[in-house]
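Close look at the chain arrangement
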Amino acid sequence: MTAALLGRAARLLRGVRWYLREFSGEADYERFRLRHLREHPGEPVPSWRDYERRRARHREEHPQSRCC
């Protein structure tokens, strides 16, 4: 019984961690970092701050209308 309860708690914590990483944008940066390493080997990876600046600039230059 205890092992099953610990398994459920661990699964719940992994889900919360996943949600928070997706919500905060940390997962987006990690995906960007991995893609950058794959497509531009040998080049330095932009920092989180640079990534956020590029992302904000892109959103400003390419606005999307939303219904809600």
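What comes next concerns the included structure.

Cut-offs applied
Residues numbered from 1 in each chain as written. Predicted model: local features only at pLDDT ≥ 70, side-chain atom pairs only at ≥ 80, totals over all residues. Heavy atoms only, no water. Patch = residues over 30% accessible without salt bridge, like charges linked within 9 Å, V, L, I, M, F, W, Y side chains within 5 Å. Areas by Shrake-Rupley, 256 points an atom, 1.4 Å probe, with all protein chains shown as cover. Salt bridge = Lys/Arg side-chain N within 4 Å of Asp/Glu carboxyl O. Helix = DSSP H or I, 4+ residues; strand = E, 2+ residues; numbered from the N terminus. Phe/Tyr/Trp six-rings, centres within 6.5 Å; stacked < 30°, edge-to-face > 60°. Buried < 20%, exposed > 50% of the residue type's maximum accessible area, 1.4 Å probe, protein only.

Turning our eyes to something else, we now look at a nonpolar patch on the surface. Where nonpolar side chains cluster on the molecular surface, the patch consists of Leu 12, Val 16, Trp 18, Tyr 19, Leu 20 and Phe 23 and spans about 720 Å² of accessible area. Mapped onto the elements of the fold, Trp 18 is located in helix 1 (residues 2-24).

All right, on to the pattern of salt bridges then. Applying the stated criterion across every chain yields a total of seven salt bridges. In this structure, Asp 28 engages Arg 55 in a salt bridge whose closest nitrogen and oxygen atoms are separated by 3.7 Å. Taken together, the residues span a long stretch of sequence, with Asp 28 in helix 2 (residues 26-39) and Arg 55 in helix 3 (residues 48-61) at a distance of 27 residues. Across the salt bridge formed by Arg 55 and Glu 52, the nearest N and O atoms sit 3.5 Å from each other. A residue pair is termed a helical-turn pair when its members lie 3 or 4 positions apart in one helix, as Arg 55 and Glu 52 do in helix 3 at three residues. Three or more residues joined by partner-sharing salt bridges are found here, namely Glu 22, Asp 28, Arg 31, Glu 52 and Arg 55.

In this section: the packing of aromatic side chains. Scanning all chains against the criterion turns up six aromatic pairs. Between Tyr 29 and Phe 32 the ring centres are 6.2 Å apart and the planes differ by 35°, which places this aromatic pair in the tilted class. Note that Tyr 29 and Phe 32 are positioned in helix 2 at a spacing of three residues, about one turn of the helix. On the numbers, 6.2 Å between centres and 45° between planes, the contact of Trp 48 with Tyr 51 is tilted. Linking Trp 48 with Tyr 51, this pair stays in helix 3, spanning three residues, or about one helical turn. Here Trp 48 falls in the partly exposed class, since its relative accessible area comes to 36%. On the accessibility criterion, Tyr 51 (10% relative accessible area) is buried. An aromatic cluster is defined as three or more aromatic residues linked by ring pairs; in this entry it consists of Tyr 29, Phe 32, Trp 48 and Tyr 51.

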